Amino acid sequence: MGKERIGILGGAFDPIHQGHIQMAVSTLESCRLDRLYLIPSGEKTYKSSIVGKEDRWKMVVTACTQDQRLIPSRFEMDQDVPFYTVDTLLALKKKHPKADLFYIIGADGVLKLHRWHRLEEVLPLCTFLICPRAGDILLGDFNAEKARLTALGGKFTMIRMLPVPISSTEIRECLSQGLPTPNLYSPVREYCALKGLYGMPQREICPEEWIEKLFAALNPRRFAHSLSVANYACRLARIHGIDQRQAEQAGLLHDCAKCMPLKEMQRIAVQHSLTNDPTILSSNALMHSLVGAWVARNEYGMADPEVLEAIAYHNTGHAGMSRLAMCVCLADSIEPTRASYPQLEQVRVLSELSLERALLMSLEGTAAYVRSRGKYLHPRTQETIAWLKTLPEVRGHRK
Ligand SMILES: [Fe+2]
Ligand SMILES: [Fe+2]
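Thresholds applied
- Residues numbered from 1 in each chain as written.
- Chains lettered and ligands numbered in written order.
- Predicted model: local features only at pLDDT ≥ 70, side-chain atom pairs only at ≥ 80, totals over all residues.
- Helix = DSSP H or I, 4+ residues; strand = E, 2+ residues; numbered from the N terminus.
- Buried ≥ 20, exposed ≤ 12 C-beta atoms within 10 Å, placed from the backbone.
- Contact = placed C-beta atoms within 7 Å.
- Pairing = 2+ DSSP bridges.
- Axes fitted to C-alpha atoms, helices over the stretch in contact; angles between N-to-C directions.
- Parallel < 35°, antiparallel > 145°, perpendicular 65-115°, else oblique.
- Left-handed = near helix turned anticlockwise from the far one by under 90°.
- Core = buried A, V, L, I, M, F, W, Y, C linked by C-beta atoms within 7 Å.
- Domains from an automatic or database assignment.
- Nonpolar A, V, L, I, M, F, W, Y, C, P; charged D, E, K, R; others polar.

Student: Give me the overall build of the protein: which residues, what numbers.
Tutor: Broken down by element type, the protein carries 20 helices and six strands. Taking the principal axes of its C-alpha atoms as reference, the protein extends roughly 75 × 45 × 45 Å. Within the protein, the fraction of its 399 residues that count as buried is 39%. Residue pairs at least 24 apart in sequence account for 69% of intrachain contacts in the protein once pairs closer than 6 positions are excluded.

Student: Outline helix α15 (residues 305–312), listing residues and values.
Tutor: Considered for burial, the residues of α15 that qualify are V307, A310, I311 and A312. Of the surrounding secondary structure, the elements contacted by the buried residues of α15 are α11 (244–253), α14 (284–298) and α16 (323–334).

Student: Quick one: what's the story with the pairing of strand β4 (residues 100–106), residue by residue and with numbers?
Tutor: Along any regular strand the residues' side chains alternate between the sheet's two faces. Within β4, five of the seven residues are buried, which leaves the element mostly enclosed by the surrounding structure. In this sheet, β4 lies alongside strand β1 (residues 5–11) in parallel orientation, the contact comprising four bridges. Each bridged residue has a counterpart across the sheet, and for G7 the counterpart in β4 is F102. Bridge count between β4 and strand β5 (residues 127–131): five bridges; the pairing is parallel. The residue bridging I105 from the neighbouring strand is I130, located in β5.

Student: Describe unusual backbone geometry, listing the residues and the values that go with them.
Tutor: Omega for the bond connecting D14 with P15 falls within 30 degrees of zero, at 0 degrees, which places this linkage in the cis form. Within the secondary structure, P15 sits in the loop between β1 and α1 (18–30). Its identity is not glycine, yet R32 carries a phi of approximately 50 degrees, on the positive side. Relative to the helices and strands, R32 is located in the loop between α1 and β2 (35–40). Phi is positive for R118, close to 50 degrees, though the residue is something other than glycine. One can find R118 in the loop between α4 (107–110) and α5 (119–122).

Student: Can you explain the environment of Q343? Please cite residues and give values.
Tutor: Positionally, Q343 belongs in the loop between α16 and α17 (344–351). Look at Q343 and you get partly exposed, because 17 C-beta atoms sit within 10 Å. Excluding its chain neighbours within four sequence positions, the residues that come into contact with Q343 are M361 and G365.

Student: Outline the packing of α15 against α16, supporting the account with residue identities and numerical values.
Tutor: Where α15 meets α16, the closest approach of the two axes is 8 Å, and the angle between their N-to-C directions is 40 degrees. With respect to each other, α15 and α16 are oriented oblique. Note on packing geometry: the crossing formed by α15 with α16 is right-handed. Between α15 and α16, the contacting residues are E306, E309 and A310 on the first element and L324, A325 and V328 on the second.

Student: A description of the sheet that holds β4 should follow, citing residues and the corresponding values.
Tutor: Pairing in this open sheet of six strands is parallel, and the strands run β3-β2-β1-β4-β5-β6 from one edge to the other. In the strand order of this sheet, the two ends are held by β3 (70–72) and β6 (155–158), each with one partner. Between one strand and the next, the sheet's axes are offset by a mean angle of 30 degrees, whatever the strand orientation.

Student: Give a detailed account of the nonpolar core, specifying residues and quantitative values.
Tutor: Judged by nonpolar contacts, the single largest core of 100 residues is most densely connected at A233, A247, C327, V328 and L330. If one sorts the elements of this core by residue count, helix α10 (residues 220–239) sits on top with ten residues. In terms of domain composition, this core takes at least three residues from each of domain 1 (5–168) and domain 2 (221–395). When neighbours within four sequence positions are excluded, C327 is seen to be in contact with A233, L236, A237, I242, A247 and L355.

Student: Pulling in residues and values, what's your account of the packing of α10 against α16?
Tutor: Contact geometry for α10 and α16: axes closest at 8 Å, N-to-C directions at 130 degrees. What the angle tells us is that α10 and α16 run oblique. Here α10 runs over α16; the crossing is right-handed. The segment α10 lies against α16, with V229, Y232, A233, L236 and A237 engaging C327, V328, L330, A331, D332 and I334. Of the residues that constitute the contact of α10 with α16, the class distribution is ten nonpolar, no polar and one charged.

Student: Kindly report on α11, identifying the contributing residues and their values.
Tutor: Taking burial as the measure, the ten residues of α11 include eight buried ones, the bulk of the element. For α11, every residue scored as buried is listed here: Q246, A247, E248, Q249, A250, G251, L252 and L253. Where α11 is buried, its residues contact α9 (208–217), α10, α14, α15 and α16.

Below is the structure:
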């Protein structure tokens, strides 16, 4: 087996955007790296940031869910003394003595390397992977500096990729002006919106501690998914004239119990008489929505019965469910971070026209999938499907 190849992408990530992810994934693939650490700067370094390290950290963790080879690292953040790249590389070398280290920089970064702290120690520790940059740099200066540093022992590899024309500065400007940010991962944008970061108006959807609690209670993928469901449920509510605030709250909390061990969910369900149905009690998939509503009420202080209903039935629906609950149920299955499945695009398109028809298509798809895998389909899903078929909005389109 060859040596392990570990990449490092450091930065303020203020905020992390898809340009960073593009650079990371391109280098992972073109240099056959085994994994790549994304290392946000702490507050004891020369790199200044607009937003505090814990917010930047949560956004990096969220963005890294896009590729399992991306590993967020608190290496620099948790230092309470000034910490430089050389310290990071030495620490990584100690942790992975047999690995080769690769440090990613932009082409403009080569011209700034001479300013790095203890550069003579940095050069033998890693190979620099140079990503093209969209801005101008003088090729003559670049080549001369690269040659000078190579003579001092530096190792450089040029990465073949299109220059990334995105900067955190531009993203921050767009956020402050309420403009679209196609280069920001949508859960990261939702995070900024909920916390009112970078000049975004804070909409007071939830107390700040909800975000902290969810981040602690969920795994990173579930956290990103929850942000995305909140955003998508809000969007559906806007289109269909439903209360956006309730939709966003329910979307955010809908999976708050999803990462709880089944035994703990069973304890809550029995102790608080939520159900005595043995099929529900033995299923994580069915329990997390029921217990989720209890957790939302008792641990997050959510008292709105309509929001709690949307959480409790977000996976199966129920006959007579509200249109708010439909928004959350649909957003859960079609938000943009969802892995693709048959009919996903059709349900997305239909969701803009009719909640009822889109939900019917989505639940029928779920039912067919569950049956095809020989798994148990909860009768409530079937009841919801039968009820949806009786609605005028659906019947009118089935004739
Ligand atoms: Fe769920
Ligand atoms: Fe979910």
